[in-house]
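Fold and contact review
Chain by chain, the residues:
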Amino acid sequence: MARILVVDDSPTELYKLTGMLEKHGHEVLKAENGADGVALARQEKPDAVLMDIVMPGLNGFQATRQLTKDPETAAIPVIIVTTKDQETDKVWGKRQGAKDYLTKPVEEDTLIRTLKAVLGG
């Protein structure tokens, strides 16, 4: 299936998202902050990125902007997965280049359906 990079500073969220993705046959790469996520995306070129917003250092909005504005990684779809559920956050996330915006806790079927949509499947 696809190689998915999960960027989240919560070990619990990393564990839950990894479990959902692997159950559906995806390979999972992990980063615990925005800077590592951007670096790993540039190095590994995953098929998609699941990006948390609230993280130390480079936050998810900044990391998403870096990935979507860089010609090297611009083709990689970013899906924001966060607890921030305000409409302004969703609008801002899309403005940074995110293809979609999901609010935690994410239902497994919603996650997989959204991934399929951004991966063109």
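These notes cover the structure that comes with them. (Residues numbered from 1 in each chain as written. Predicted model: local features only at pLDDT ≥ 70, side-chain atom pairs only at ≥ 80, totals over all residues. Heavy atoms only, no water.)

1. What about helix α3 (residues 60–69)?
Taken as a whole, α3 has its buried residues at Gly60, Phe61, Ala63, Thr64, Leu67 and Thr68. Along the axis of α3, the buried residues cluster in a sector spanning 165°; they form a single face. The elements touched by buried residues of α3 are α2 (34–44), β3 (48–51), β4 (78–82) and α4 (87–95). The N-capping residue of α3, defined by a side-chain oxygen 2.8 Å from the backbone nitrogen of Phe61, is Asn59. (Buried < 20%, exposed > 50% of the residue type's maximum accessible area, 1.4 Å probe, protein only. Helix = DSSP H or I, 4+ residues; strand = E, 2+ residues; numbered from the N terminus. Arc of directions from axis to C-beta. Contact = heavy atoms within 4.5 Å. Polar contact = N/O pair within 3.5 Å; in protein donor to acceptor, adjacent residues only side chain to side chain.)

2. Points about the nonpolar core
By size, the foremost hydrophobic cluster in this structure holds 17 residues, and its most contacted members are Ile4, Val6, Leu21, Leu50 and Leu111. Of all elements in the fold, only β1 (3–7), α1 (11–23), β3, β4 and α5 (108–118) reach the threshold of two or more residues within this core. Among the elements that take part in this core, α1 stands out by supplying 4 residues, more than any other. (Core = buried A, V, L, I, M, F, W, Y, C linked by side-chain atoms within 4.5 Å.)

3. With respect to the pairing of β1
In terms of residue burial, β1 counts as a mostly covered element, since 4 of its 5 residues are buried. Of the pairings in the sheet, the one linking β1 to strand β2 (residues 27–31) comprises 5 bridges and is parallel in character. The residue of β2 that forms the bridge with Leu5 is Leu29. Note on the crossover from β1 through α1 to β2: the handedness is right-handed. Direction of pairing for β1 relative to β3: parallel, over a ladder of 4 bridges. Each residue of the ladder has a partner; that of Val6, found in β3, is Leu50. (Pairing = 2+ DSSP bridges. Right-handed = clockwise from strand over helix to strand, strands pointing away.)

4. Details of the pattern of salt bridges
Side chains carrying opposite charge are able to pair once their charged atoms draw close together. In total, this model carries 9 salt bridges according to the counting rule given. Between Glu13 and Lys16 there is a salt bridge, with the nearest N and O atoms lying 3.5 Å from each other. Of this pair, Glu13 and Lys16 both sit in helix α1, 3 residues apart, roughly one helical turn. Several salt bridges share partner residues, and in doing so they unite Arg3, Glu27 and Glu44 into one network. (Salt bridge = Lys/Arg side-chain N within 4 Å of Asp/Glu carboxyl O.)

5. A word on the side chain of Thr73
When you line up the elements, Thr73 lands in the loop between α3 and β4. You can call Thr73 buried: its relative accessible area is 0%. When near neighbours in sequence (up to four residues on either side) are disregarded, Thr73 contacts Ala41, Arg42, Gln66 and Leu67.

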